[in-house]
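# Topology and contacts: notes
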Number of protein chains: 4
Amino acid sequence: RSHVGGDVQRKSCWYEEEIEENLRWCFALKSILHTGATRYQDIQLLDTKPFGKALVIDGKLQSAEIDEFIYHESLVHPALLHHSNPRSIFIMGGGEGSTAREILRHRTVEKVVMCDIDEEVVEFCKSYLAVNTEAFADPKLEVIINDARAELQSREDQFDVIIGDLADPIEGGPCYQLYTKSFYESIVKPKLNQETGIFVTQAGPAGIFSHTEVFSCIYNTLKQVFKYVVPYSAHVPSYADTWGWVMASDSPFDLTAEALDLRMNQRIRGESRYLDGATFSSSSTLSKAVRNTLENETHVYTDEAARFIYGYNCAYKHA
Amino acid sequence: RSHVGGDVQRKSCWYEEEIEENLRWCFALKSILHTGATRYQDIQLLDTKPFGKALVIDGKLQSAEIDEFIYHESLVHPALLHHSNPRSIFIMGGGEGSTAREILRHRTVEKVVMCDIDEEVVEFCKSYLAVNTEAFADPKLEVIINDARAELQSREDQFDVIIGDLADPIEGGPCYQLYTKSFYESIVKPKLNQETGIFVTQAGPAGIFSHTEVFSCIYNTLKQVFKYVVPYSAHVPSYADTWGWVMASDSPFDLTAEALDLRMNQRIRGESRYLDGATFSSSSTLSKAVRNTLENETHVYTDEAARFIYGYNCAYKHA
Amino acid sequence: RSHVGGDVQRKSCWYEEEIEENLRWCFALKSILHTGATRYQDIQLLDTKPFGKALVIDGKLQSAEIDEFIYHESLVHPALLHHSNPRSIFIMGGGEGSTAREILRHRTVEKVVMCDIDEEVVEFCKSYLAVNTEAFADPKLEVIINDARAELQSREDQFDVIIGDLADPIEGGPCYQLYTKSFYESIVKPKLNQETGIFVTQAGPAGIFSHTEVFSCIYNTLKQVFKYVVPYSAHVPSYADTWGWVMASDSPFDLTAEALDLRMNQRIRGESRYLDGATFSSSSTLSKAVRNTLENETHVYTDEAARFIYGYNCAYKHA
Amino acid sequence: RSHVGGDVQRKSCWYEEEIEENLRWCFALKSILHTGATRYQDIQLLDTKPFGKALVIDGKLQSAEIDEFIYHESLVHPALLHHSNPRSIFIMGGGEGSTAREILRHRTVEKVVMCDIDEEVVEFCKSYLAVNTEAFADPKLEVIINDARAELQSREDQFDVIIGDLADPIEGGPCYQLYTKSFYESIVKPKLNQETGIFVTQAGPAGIFSHTEVFSCIYNTLKQVFKYVVPYSAHVPSYADTWGWVMASDSPFDLTAEALDLRMNQRIRGESRYLDGATFSSSSTLSKAVRNTLENETHVYTDEAARFIYGYNCAYKHA
């Protein structure tokens, strides 16, 4: 029990994730900061060597300390910047707090409603994720524990921007019904301040092979409901893939890179690490293969596919 | 010895690679097609479930069947398309044959010289990689077994495009000396048809964190030698990272996406799977963080850093 | 793609097995010699670095080149040596051929019937396992493709020794019904030459923790049917556990270590690598914890537990 | 990021150890209780699913909660039981405390000296290993922080039993010099109460293949120094191997299993979980292959092989 040197110990503990059935992604572990189970899901906070602190829900990495800014800047800023004066924002999911944090950097924002189904995840992130402490304490943020569909349906107010920070629309998965044409049409759209309101959602993996899983269908489904739809993507190292988002509105998205940069300077407190005008211009120009799939996608998400899970609540962003 | 069902067998064999010290990337294996050792390096041809046939040199994935087109189209086409009439091409390395294959799709090309140090790798790829059989048999291709530096130095002819398809410039690594300012200045540049000649090289990982390893230095070193230098990148799934290339010339690169598309249609036989004008436009617009590093990079590769390995030959693209 | 030296490649391909839910056992792979699926099971022949060629059925290691002799010498020789003149032997399962090979080393043996359900596994092992070629060609060996229960039931001949080389008696598993009290009573025992006949079976893991899974129950079930029952065990490195066997008869097992050594010399051709008199004496003296469990075991395998899988055939030793 | 169910999370964190170069052993992790580095070695306390709390030194498992009793009962009891009246015991190494704990169960024992080089490991185990709290607090135990060789050399008292609980005698390893013929002859033996004194040492892996690494040489070296030498072994599941110990004296070891059982009852407080007379009888009857190697071993450990590391202290049992 003695042959191998001290270097070994530093690599003896690993977090391992099956990215897909035949593909594994493994991070050396410093420590397991917390392990628990909420009513809806299992949750872990790990300290990993390559990506820092990592939030893992039901065995899938949700967010890693060193690169979550790519995901959250991409989810939040393009939509808010393309709106002329975003004051009220609704987040479906987002319990981690990072989406709220990025929204609250916008000087125009007066009210953020974050609606997550899992109170324990929200409490957990509030306690453990120091980077979002300030956001959780911001009086502009209202945290509601509810199913996002039920919440939107029952509210009377409208929003400038609605943001989907939910798990992917897998058939039989918890969030499928929050990605359907009828949900967008009869629940999301009526809650947007008409004409100028913008909806944006995370849209699953968008890599050269993986974009056919859900990205192209989310894009196509939104195209049935909104006049203008912009898909974009970015490589997120800790996900071992390129990730996608789709932004939709009945008003056109016609800002140049320079105009975006100008608005970022005027409206957003602090420096963004990932996004600027040129970056968004690159992100929203998809590569040939992905662009072709999106243009030719015919599938539309409908409630029929979700019928067996109706009533099952949508738990978490990527869960 | 009997508890687990038949599904397990399909995932019991794995190829595992340490992307970096604390990060592993694992592919389920169908079979190990070949294992061997040449004079310079160990070589394996694996059949993997997520990425098809994979060429592995010294324990590092070089090229995977299902996505090598991203690397090779990106390496070859931008440089050739930006040249007004590329007829003669020199490949430093490239023994796999895929770089030659992409070059030979260009109707303008009359002569391709591929200079690889490792005859056995060339023979191996010729035998095993069916996708490159036609390229290896093309009479326009001349394969030379030699050190690329020595070969370029001793030749009297000049080329329209010189392509670097070599291992990264790691200090003490086999190819460092083929990335230095003096090599570019006194060996590469004189062998380019002056003014219009273009040099392009693979430039290592270009992800949001990994681009500081070598990508930014290659860019900065080439800036010391050529008037116009264009860095670009693309996510290659099997590499679990975004990869980089740098293109350099004393003539400007000023084609629009539309102009590139036009030239692709006119000059390139068959359909490209990854690249087109819009894709290149996106690829060559780097994200904010990467762009900033490149602009502020001050390090230049010089022969001094390579002094201990002078005479050690450069073996293979990524080896 | 170039930081790590040549040593890495030698460990980049791995066979991985879940010994139990939270425990993995991984062998570096030289090559995957064969992968296939029969009517009953998936089958692989791997060439591993630590244990040589390894036969894997449904994702579980069955037998490894360098230590299968421990399993097969332990399964065969104690029973045959304790019989005064073993001439006819019946093997339930055993398609690999190694059990037959060890039996055929006994000079007294005149007839060996091997009854395996899976013709393709038998053919596969015949083709690939050179170590058993001679055994498969031996005219004393009769290979029958049938369910062992049906075969024994329909035969009129009796045997000196019957050997169970089947998968563990997991409820719902393929072989459960070949380990029940009624099977032993009404099928096995009547086919043994009365009084002197000996039955022996592999009996699953027998480690200090794992012996409670099936070893103690097989022992207790056989105690209900035979007057004399001897459990014994041995550490098999490639199984990462101690393995167990149980031998039973209505005649006593009363040979000393010296008497066993004498009979081995007289009766067995060639040198045994694992077993001799002292080894068996050690193997059949179980450690305190295991001994206590066996003495206190009350569970008896009955057909009731197997009712849902009746008619499902028993495929393979450990499958 | 959502395809796989909740079961996955329970297996996403793993401890991984290279048992040997081509063999890995992996435990699912519940948590990493402590990670640190002492002056001599790296140390981890892990909570593993298959084996409970595990102490890992320099990347090698030392001791696992659920089966350390096999190692420590085997190390301590046979030697103390074969002594007619063991009152004073010296432990070389043993900082974990479990060896002292087993010794202190003997009613005859009046004094235990534990001499470990690494104060921080001793303090760590005192704090974290509840199972040894009582032993560490026992007034009969004297803990000394020193090199075992220097300590023994400088002492004037003699002992009834000296126990080696040190890392294996790997050439160039930290403890090699504590396994040499001259160390046994000129330092250990003079500190034993002559004629009746007993020395026992852990002796590395003793599996059917692994026993040639150090077990057979330790045995042969002790045979050069003592009249009676007894090697014995036991399978320790968490080590994925059979482990060995060697006991040596100038008085014969001639107790029957029954006599051992009697002494255990008379002398040892509480119930032993692994060892009793029959177990020791089985453990000390080695299998044929191991017995043959030991009988034919000619290598003797001498100081010459250790010359380059003289002065380097011996840190820990298996380190």
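Residues numbered from 1 in each chain as written. Chains lettered and ligands numbered in written order. Predicted model: local features only at pLDDT ≥ 70, side-chain atom pairs only at ≥ 80, totals over all residues. Heavy atoms only, no water.

### Observations concerning the interface of chain B and chain A
How big an interface is tends to be stated in terms of the accessible area lost upon association of its parts. Of the residues lining the interface, 44 residues belong to chain B; the matching set on chain A comes to 44 residues. For the pair chain B and chain A, the summed buried surface comes to about 3500 Å²; carbon and sulfur atoms form 59% of the total. Across the chain B-chain A interface, the total number found is four salt bridges. Residue Asp276(B) pairs with Arg291(A) through a salt bridge whose shortest N-O separation is 2.9 Å. If you look at where chain B meets chain A, you find 19 residue pairs in polar contact (both at pLDDT 80 or more). Where the side of chain B that touches chain A is concerned, the elements lending two or more residues are strand S1 (13-20), strand S2 (23-37), helix H1 (68-82), strand S12 (241-249), helix H9 (277-283) and helix H10 (288-296) of chain B. With six residues, the top contributor of residues to the side of chain B that touches chain A is S2(B). For the side of chain B that touches chain A, the class distribution of residues is 21 nonpolar, eight polar and 15 charged. Alignment of strand S2 (residues 23-37) of chain A against S2(B), held across five bridges, turns out to be antiparallel. Note on S2(B): the bridge partner recorded for Arg24(A) is Cys26(B). (Contact = heavy atoms within 4.5 Å. Buried area = accessible area lost by both parts, 1.4 Å probe. Salt bridge = Lys/Arg side-chain N within 4 Å of Asp/Glu carboxyl O. Polar contact = N/O pair within 3.5 Å; in protein donor to acceptor, adjacent residues only side chain to side chain. Helix = DSSP H or I, 4+ residues; strand = E, 2+ residues; numbered from the N terminus. Nonpolar A, V, L, I, M, F, W, Y, C, P; charged D, E, K, R; others polar. Pairing = 2+ DSSP bridges.)

### Describing the sheet that holds strand S7 (residues 111-116) of chain D
All names here are of chain D. Ordered in space as S8-S7-S6-S9-S10-S12-S11, the seven strands form an open sheet in which the pairing is mixed. The open sheet has two edge strands, strand S8 (141-145) and strand S11 (228-236), and neither has a second partner. On average, each strand axis in the sheet is tilted by 20° relative to the strand beside it, whichever way the strands run. Sheet topology note: the S11/strand S12 (residues 241-249) ladder contains nine bridges and is antiparallel. Bridging across to S12, His235 finds its partner in Thr242. (Axes fitted to C-alpha atoms, helices over the stretch in contact; angles between N-to-C directions.)

### Observations regarding the relation of the copies chain B and chain A
Of the transformation placing chain B onto chain A, the axial shift is 0.0 Å and the rotation is 180°, giving an RMSD of 0.0 Å. As the rotation angle and translation indicate, the two copies are arranged about a two-fold axis. Among all residues of chain B, the minimum C-alpha distance to the rotation axis is found for Ser282(B), at 2.2 Å. Both copies present the same face, since 100% of the interface residues in chain B are matched by interface residues at the equivalent positions in chain A. (Least-squares fit on C-alpha atoms with pLDDT ≥ 70 in both.)

### Some details on helix H8 (residues 257-267) of chain C
Residues and elements named next belong to chain C. Where H8 is concerned, the buried positions are Ala257, Leu260, Met264 and Arg267. Along the axis of H8, the buried residues cluster in a sector spanning 110°; they form a single face. Residues of H8 that are exposed and point over 90 degrees away from its buried face: Glu258, Leu262 and Asn265. On the buried face of H8, the contacting elements are helix H1 (68-82) and helix H9 (277-283). (Buried < 20%, exposed > 50% of the residue type's maximum accessible area, 1.4 Å probe, protein only. Arc of directions from axis to C-beta.)

### Considering the sheet that holds strand S6 (residues 88-93) of chain A
Residues and elements named next belong to chain A. The sheet built from seven strands is open, its strands ordered S8-S7-S6-S9-S10-S12-S11 with mixed pairing. Both edges of this open sheet fall to strand S8 (141-145) and strand S11 (228-236), since each of them pairs with a single strand only. Taken over all neighbouring pairs, the strand axes of this sheet differ in orientation by 20° on average, direction set aside.

### A word on unusual backbone geometry
All names here are of chain B. Residues other than glycine seldom take positive phi values, yet Glu195 does so here, at roughly 70°. Along the polypeptide, Glu195 turns up in the loop between helix H6 (181-188) and strand S10 (198-205). Given a relative accessible area of 48%, Glu195 falls into the partly exposed group. In this structure, Ala240 is a non-glycine residue whose phi angle is positive, near 55°. Structurally, the position occupied by Ala240 is in the loop between strand S11 (228-236) and S12. Residue Ala240 is classed as buried on the basis of its relative accessible area of 6%.

### As for the packing of helix H7 (residues 215-223) of chain C against helix H10 (residues 288-296) of chain C
Residues and elements named next belong to chain C. As a packed pair, H7 and H10 sit with axes 9 Å apart at the nearest point and diverge in direction by 45°. With respect to H10, the axis of H7 lies oblique. Our pair here, H7 against H10, has a crossing hand that is right-handed. Here Phe215, Ser216 and Tyr219 of H7 come into contact with H10, specifically with Val290, Thr293 and Leu294. In terms of residue class, the contact of H7 with H10 is made up of four nonpolar, two polar and no charged. (Parallel < 35°, antiparallel > 145°, perpendicular 65-115°, else oblique. Left-handed = near helix turned anticlockwise from the far one by under 90°.)

### Remarks on helix H3 (residues 119-128) of chain A
Residues and elements named next belong to chain A. Of the positions making up H3, those classed as buried are Val121, Val122, Phe124 and Cys125. Along H3, the residues classed as buried sweep out an arc of 160° about the axis, all on the same side. As for H3, its buried residues are in contact with S2, strand S3 (42-48), strand S4 (52-57), strand S7 (111-116), helix H4 (133-137) and S8. The N-cap residue of H3 is Asp118: its side-chain oxygen and the backbone nitrogen of Glu120 are 3.1 Å apart.

### A few points about the packing of helix H1 (residues 68-82) of chain D against helix H8 (residues 257-267) of chain D
Two quantities define a packed helix pair, namely the angle between the helix axes and the distance between the axes. Residues and elements named next belong to chain D. Close contact between H1 and H8 brings their axes to 10 Å; oriented N to C, the two are set at 100°. As judged from the angle between their axes, H1 and H8 are roughly perpendicular. Contact residues: Leu80, Leu81 and His82 in H1; Leu260, Arg263, Met264 and Arg267 in H8. Of the residues belonging to the contact of H1 with H8, the class tally is four nonpolar, one polar and two charged.

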